[in-house]
Amino acid sequence: MTFIPSSELKSINYPSRTVERAARAIRCAPFQLQLFKTMRETSVFLGAIASHPGVESGYTRSPLSELTAENSLLWLIQVGVLRREVDGQGITDSFRLTPLGRQLIEKFQQQGDIVPPPDWRDRIYNTLTRWLRLPF
């Protein structure tokens, strides 16, 4: 196995449409930047995101049901921002950032340390892509 020092790691170049779709999904998601910052360092359990713990941790603005939180997280998995953690017994209820997610969160941090709010076009495109699975 070859060890590559972190200073030699290069970021992955994604197609611009992939990056745009993922950034739009993050902007339309009901999550705060703090959740993604935490996911960059460690995995976060669904129970810490849903309901009042999510608000108390700064992960959401308002309490989300577990179903709503999980559906939003699953959409972020589908667009390539998140991945689900796996342990020795299978898939867990924990989530982490992918390399694409890391790139986007770093970009948002450099642009003012916030996730910009979506405009009406973002919401329409995200809804169409999410529910109809159109390749926008």
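Everything below is about the structure printed above this text.
First, a word on scope: everything that follows refers to the structure included in this document.

So, how was this worked out
- Residues numbered from 1 in each chain as written.
- Predicted model: local features only at pLDDT ≥ 70, side-chain atom pairs only at ≥ 80, totals over all residues.
- Heavy atoms only, no water.
- Phe/Tyr/Trp six-rings, centres within 6.5 Å; stacked < 30°, edge-to-face > 60°.
- Pairing = 2+ DSSP bridges.
- Helix = DSSP H or I, 4+ residues; strand = E, 2+ residues; numbered from the N terminus.
- Expected span 1.5 Å × (residues − 1).
- Buried < 20%, exposed > 50% of the residue type's maximum accessible area, 1.4 Å probe, protein only.
- Arc of directions from axis to C-beta.
- Contact = heavy atoms within 4.5 Å.

**A word on the packing of aromatic side chains**
Using the criterion set out here, one finds one aromatic pair in the structure. Both rings, one in phenylalanine 31 and one in phenylalanine 36, keep their centres 6.3 Å apart while their planes meet at 80°; by these two values the pair is edge-to-face.

**Considerations on the pairing of strand β2 (residues 82–87)**
As judged from the five bridges shared by β2 and strand β3 (residues 90–97), these two strands associate in the antiparallel manner. Note on β3: the bridge partner recorded for arginine 83 is arginine 96. Between β2 and β3, which follow one another and run antiparallel, lie two residues.

**Regarding helix α6 (residues 99–110)**
Compared with the 16 Å implied by 1.5 Å per residue over 12 residues, the 17 Å span of α6 between its first and last C-alpha is a close match. Inspection of α6 places Leu100, Gly101, Leu104, Ile105 and Phe108 among the buried residues, and these make up the whole buried set. The buried side chains of α6 occupy one side of the element, clustering within an arc of 130° when seen end-on. Buried residues in α6 make contact with α1 (16–28), α2 (33–41) and β3. Where α6 terminates, the next one or two residues include glycine 112, which has phi positive at roughly 120°.

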